[in-house]
Amino acid sequence: MSRFLIVLALLAASPPLLAQDLAIVGGTVHPVAGPPIEGATLLIRGGRIAAVGTDVAVPTGTQRIEAAGKVVTPGLFDPWSSLGLVEVDLVSPTRDEVMADDEDIVTAAFDPTLGLNPNSVLIPYARLGGLTTAATGPRGGLIAGQAAVIDLAGDTPAEMLAKPAAAMIAYLGEAGAGRSGGARGAAALRLREVLDDARFWRRNQAAYDRGESRELVESRLDLEALQPVLEGETPLLVQVHRASDILALLEIAREYGFRPVVVGGAEAWMVADELARTNTAVILKPLTSLPSSFERLGSRFDNATLLTRAGVPVAFSTFENHRAGYLAREAGNAVRFGLSWDAALRAITLEPAEIYRVQDRYGSLEPGKVANVVVWSADPFEISSRAETVLIRGRVVPEWSRQRALLERYRTLDGEPPAYD
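Just so you know, these numbers come straight off a predicted model, no measurement behind them. (Residues numbered from 1 in each chain as written. Predicted model: local features only at pLDDT ≥ 70, side-chain atom pairs only at ≥ 80, totals over all residues. Heavy atoms only, no water.)

A. The overall build of the protein, seen in detail. A tally of regular secondary structure across the protein gives 15 helices and 16 strands. Taken against the 2.2 N^0.38 rule, which gives 22 Å for 421 residues, the C-alpha radius of gyration of the protein at 22 Å falls within 12% of a compact globule. Overall, the C-alpha framework of the protein stretches about 70 × 50 × 45 Å when taken along its three principal axes. Across the 421 residues in the protein, those meeting the buried criterion constitute 52%. In the protein, once contacts between residues fewer than 6 apart in sequence are set aside, the share between residues at least 24 apart is 67%. (Helix = DSSP H or I, 4+ residues; strand = E, 2+ residues; numbered from the N terminus. Rg over C-alpha atoms; globule rule 2.2 N^0.38 Å. Buried < 20%, exposed > 50% of the residue type's maximum accessible area, 1.4 Å probe, protein only. Contact = heavy atoms within 4.5 Å.)

And the structure:
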């Protein structure tokens, strides 16, 4: 990891110094790491969770948030987004998640968070749905580049970052084939070639620097960026849907020793036993059931249920930047199709944190963890419920969003322009 990324990681690891001391009192707390606690108090100090339970003493002068009759959960975590990198999908100058050079299908060194926009109008809207944390990353190419974990608050990219270079993004199957020049087998072959060169570069770096090694297909920067993947430190998130392509990915991962994560996985349920045997996590969209392409013919609503029963780690994403705040609704639909309530909550909190190895700070309500917390009016998986209070790093974030401001402006014909502070 470069010195620049190390500095960003250190800055991101600590909550803001101005975080409030708060106590959320009387709600039903779902820690995720343990059973729900009714009538509990959640004490927050310095942006971290200090205590949770029914016998927690609230220090005099601590600001209280009354939560009786309400539900308290960790902030939601979307593991597959480009939040802060995209504004308008059809306007290319507002999209910073894609490299401009369409000919270069391997851009492993690409770190799009250098263009992260803390003032994106999509971020406040996502927070209204209880989303506090997301993995944001690049798209396009066979190997698109690096994703980072961010909190959805902060005035600068450094303040938002929770973990830079947290994963590498790649594509296989139909998507990877299109980027590799034809047959889907070409994508797997190209991926093997890149990983082979990265492994060769690691073992022969001195000779490479002297110009005494064989020619390699990728740049030094890309080969260097792939080293944490080959060392098992950084997961390789691969968008892939067809069952046979998932098996091909698992075989490549076994051969090169990296930690794969299946993204999309429309037919993952068909190879659930193999995914469970290799402890390979799957990030999926619960509301996927239509055979929208030939590689998704096996799509079904109970995909998450079947995977979880087999012992596969499952996380959920909306796969939509403009609707990222609908993550709880996606999870609720998984419950509708057989997934347990607790497993659905884990799939949008602790499981994403474990995929990106930030579970020591995120994903559950335990002492010492970052105080990303949501107070819900009722069951968060009910469509009529709303996130009444959202805390990020111990601070209550405003309910403002551009959509809400426009609603208020045009609620009456003589409405005043909205305030944008």
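More follows now that the structure is in view.
B. Inspection of the nonpolar core at higher detail. Ranked by size, the top nonpolar core spans 78 residues in total, and within it Ile143, Leu152, Phe258, Leu275, Leu307 and Phe316 carry the most contacts. Excluding residues within four positions of it along the chain, Leu275 makes contact with Ile246, Leu250, Val262, Ala268, Thr280, Val282, Leu307 and Val312. Residues Ala135, Ala144, Ile169 and Val261 belong to the second largest nonpolar core, which totals 23 residues. (Core = buried A, V, L, I, M, F, W, Y, C linked by side-chain atoms within 4.5 Å.)

C. Examining helix α5 (residues 184-203) more closely. The terminal C-alpha atoms of α5, which comprises 20 residues, lie 29 Å apart, in line with the 28 Å expected from a rise of 1.5 Å per residue. Taken together, the buried positions of α5 are Ala187, Ala188, Leu191, Val194, Leu195, Asp197, Ala198, Arg199 and Trp201. (Expected span 1.5 Å × (residues − 1).)

D. Here's a closer look at the packing of aromatic side chains. Applying the stated rule across the entire model yields four aromatic pairs. Measuring from ring centre to ring centre gives 6.1 Å for Phe77 and Tyr356, while their planes differ by 15 degrees; the resulting arrangement is stacked. On the criterion of sequence distance, the pair formed by Phe77 in strand β6 (residues 76-81) and Tyr356 in the loop between α14 (350-355) and β14 (373-376) is long-range, its members being 279 residues apart. In this pair, the class of Phe77 matches that of Tyr356, namely buried. With centroids separated by 5.0 Å and ring planes inclined at 50 degrees, the aromatic side chains of Trp341 and Phe381 adopt a geometry described as tilted. Placement of the pair is Trp341 in helix α13 (residues 341-346) and Phe381 in the loop between β14 and β15 (387-392), with a sequence separation of 40 residues. Over the ring of Trp80 we find Arg139; its NZ or CZ atom is 3.9 Å from the centre of that ring. Positioned above the aromatic ring of Trp269, the side-chain terminus of Arg300 is 4.6 Å from the ring centre. (Phe/Tyr/Trp six-rings, centres within 6.5 Å; stacked < 30°, edge-to-face > 60°. Lys NZ or Arg CZ within 6 Å of the ring centre and 35° of its normal.)

E. Layout of helix α12 (residues 327-336). Taken across its 10 residues, α12 has seven buried, putting it largely inside the fold. The complete set of buried residues in α12 reads Leu327, Ala328, Glu330, Ala331, Gly332, Asn333 and Ala334. Looking one or two places after α12, you find Gly338, whose phi comes out positive at around 105 degrees.

F. View of the side chain of Thr113. Mapped onto the elements, Thr113 comes out in the loop between β6 and α2 (122-127). You can call Thr113 buried: its relative accessible area is 6%.

G. Up close: the packing of α5 against helix α9 (residues 243-256). Running from amino to carboxyl end, α5 crosses α9 at an angle of 15 degrees, the nearest separation of the two axes being 11 Å. By the criterion of interaxial angle, the relationship of α5 to α9 is roughly parallel. Crossing hand, α5 versus α9: right-handed. Residues Arg184, Ala188, Leu191, Arg192, Leu195, Asp196 and Arg199 of α5 form the contact with α9, whose participating residues are Asp245, Glu251, Ile252, Glu255 and Tyr256. Among the residues forming the contact of α5 with α9, the class breakdown is five nonpolar, no polar and seven charged. (Axes fitted to C-alpha atoms, helices over the stretch in contact; angles between N-to-C directions. Parallel < 35°, antiparallel > 145°, perpendicular 65-115°, else oblique. Left-handed = near helix turned anticlockwise from the far one by under 90°. Nonpolar A, V, L, I, M, F, W, Y, C, P; charged D, E, K, R; others polar.)

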